[in-house]
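Residue-level structural notes
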Amino acid sequence: IVIIGAGDGSNEILDLLTSNYKNFTIKKTTKNKINFKLYDKFLISLGDPQKRAKIFSSLSKYNSKLMKLIDKRAYVSTFSKIGKGTIIFPNTTIGYNVKIGRNCYIGANCSIGHDVLIGDHCVLAPGTLIGGSTKIGSKSFLSLGSTITPYLKIGSNTKISAREVLYKDLPPNSTFIGSRILKN
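Residues numbered from 1 in each chain as written. Predicted model: local features only at pLDDT ≥ 70, side-chain atom pairs only at ≥ 80, totals over all residues. Heavy atoms only, no water.

Turning next to the nonpolar core. Core analysis: the largest hydrophobic core is formed by 24 residues, its most contacted members being Ile112, Ile118, Leu124 and Ile130. Beyond its immediate stretch of four places on either side in the chain, Ile118 contacts Lys99, Ile100, Gly101, Cys104, Ile112, Leu124, Ile130 and Ile136. In this structure, Met67, Ile87, Phe89 and Val123 belong to the second largest nonpolar core, which totals 11 residues. (Core = buried A, V, L, I, M, F, W, Y, C linked by side-chain atoms within 4.5 Å. Buried < 20%, exposed > 50% of the residue type's maximum accessible area, 1.4 Å probe, protein only. Contact = heavy atoms within 4.5 Å.)

Have a look at this one:
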């Protein structure tokens, strides 16, 4: 298993692996270039949706296998679908009929209501709450403790600031901060 990315994200993924799997080998490297053909499983630890998408695209060129990692302490409804390469941290609840795209990073203590659709390469920081029947576009970033009320549409490439409560739709390529919508 190769964890792509350094810092806190990779340490958290390493912690997930050690608490969920018994037999695997840890090899740390400082090399910037990886021979993708030598390894069979990959995880992306970066918290930037744009960088996650770029690395995902590179790995796809080599037919590399992105590993799906769901912590055993998370609850995922059996009627929900989780895309390849997605990482789900402990104490997260994923409700009925949720569809999470490929290569997403779902932090600890998140709650995702029923019938939610989350696009590819999204990052949900710890404590994010998403109400039912919400749609979130690809490459979106929801910061620490964000709350999304039900039935909203959030466009692709959006950012929501920490502890914000979103009550209305958010257009693509925008940032929600201080209860205001800013266009990127």
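On we go.
Turning next to the pattern of salt bridges. It is possible for side chains bearing opposite charge to pair when their charged atoms get close. Tallied over the full model, the rule gives 2 salt bridges. In this structure, the salt-bridge partner of Arg102 is Asp120, at a minimum N-O distance of 2.9 Å. Residue Arg102 is located in the loop between strand S8 (99-100) and strand S9 (105-106), and its partner Asp120 is located in the loop between strand S11 (117-118) and strand S12 (123-124); the two are separated by 18 residues in the primary sequence. Owing to a relative accessible area of 35%, Arg102 belongs among the partly exposed residues under this scheme. (Salt bridge = Lys/Arg side-chain N within 4 Å of Asp/Glu carboxyl O. Helix = DSSP H or I, 4+ residues; strand = E, 2+ residues; numbered from the N terminus.)

Looking now at the sheet that holds strand S13 (residues 129-130). Two modes of strand pairing occur in sheets, parallel and antiparallel, and in both the strands are linked by backbone hydrogen bonds. Judged by pairing direction, the sheet is parallel, and its 6 strands sit side by side in the order S4-S7-S10-S13-S16-S19 without closing on themselves. Sheet topology places strand S4 (75-76) and strand S19 (165-166) at the edges, where each strand pairs with a single neighbour. As judged from the 2 bridges shared by S13 and strand S16 (residues 147-148), these two strands associate in the parallel manner. Among the inter-strand pairings, Ile130 is bridged to a residue of S16, identified as Ile148. (Pairing = 2+ DSSP bridges.)

Right, let's get into the pairing of strand S20 (residues 174-177). For strand S18 (residues 159-160) and S20, the ladder comprises 2 bridges, and the chain directions are parallel. Opposite Lys159, over in S20, you have Thr175 as the bridge partner. As defined by bridge partners, S20 adjoins strand S21 (residues 180-183) across 4 bridges and the pair is classed as antiparallel. What sits directly across from Ser174, in S21, is Lys183. Linkage of S20 to S21, two consecutive antiparallel strands, is achieved through a turn of 2 residues, within which Gly178 is found at a positive phi near 60°.

Before going further, it helps to spend a moment on helix H2 (residues 49-61). With 13 residues, H2 extends 19 Å from end C-alpha to end C-alpha; this agrees with the ideal 18 Å at 1.5 Å per step. Of all the residues in H2, the buried ones are Pro49, Arg52, Ala53, Phe56 and Leu59. Buried residues along H2 cover an arc of 125° about the axis, so they all sit on one side. Residues Lys54 and Lys61 are exposed on H2 and point more than 90 degrees away from its buried face. Those residues of H2 that are buried are in contact with strand S1 (2-4), strand S2 (42-44), strand S6 (87-88), S9, S12 and strand S15 (141-142). Measuring from the side-chain oxygen of the N-cap residue of H2 to the backbone nitrogen of Gln50 gives 2.8 Å; that N-cap residue is Asp48. (Expected span 1.5 Å × (residues − 1). Arc of directions from axis to C-beta. Polar contact = N/O pair within 3.5 Å; in protein donor to acceptor, adjacent residues only side chain to side chain.)

The strand order across the open sheet built from 5 strands is S5-S8-S11-S14-S17, with neighbouring strands paired in parallel fashion. Edge positions in the sheet fall to strand S5 (81-82) and strand S17 (153-154), since each of these pairs with one other strand and no more. As judged from the 2 bridges shared by strand S14 (residues 135-136) and S17, these two strands associate in the parallel manner. Across the sheet, the residue bridging to Ile136 is Ile154, located in S17.

Let's shift gears to the packing of aromatic side chains. Tallied over the full model, the rule gives 2 aromatic pairs. Judged by centre distance (5.1 Å) and plane angle (55°), the ring pair of Phe89 and Tyr105 falls under tilted. On the criterion of sequence distance, the pair formed by Phe89 in the loop between S6 and strand S7 (93-94) and Tyr105 in strand S9 is long-range, its members being 16 residues apart. One exposure class covers both Phe89 and Tyr105, and it is buried. (Phe/Tyr/Trp six-rings, centres within 6.5 Å; stacked < 30°, edge-to-face > 60°.)

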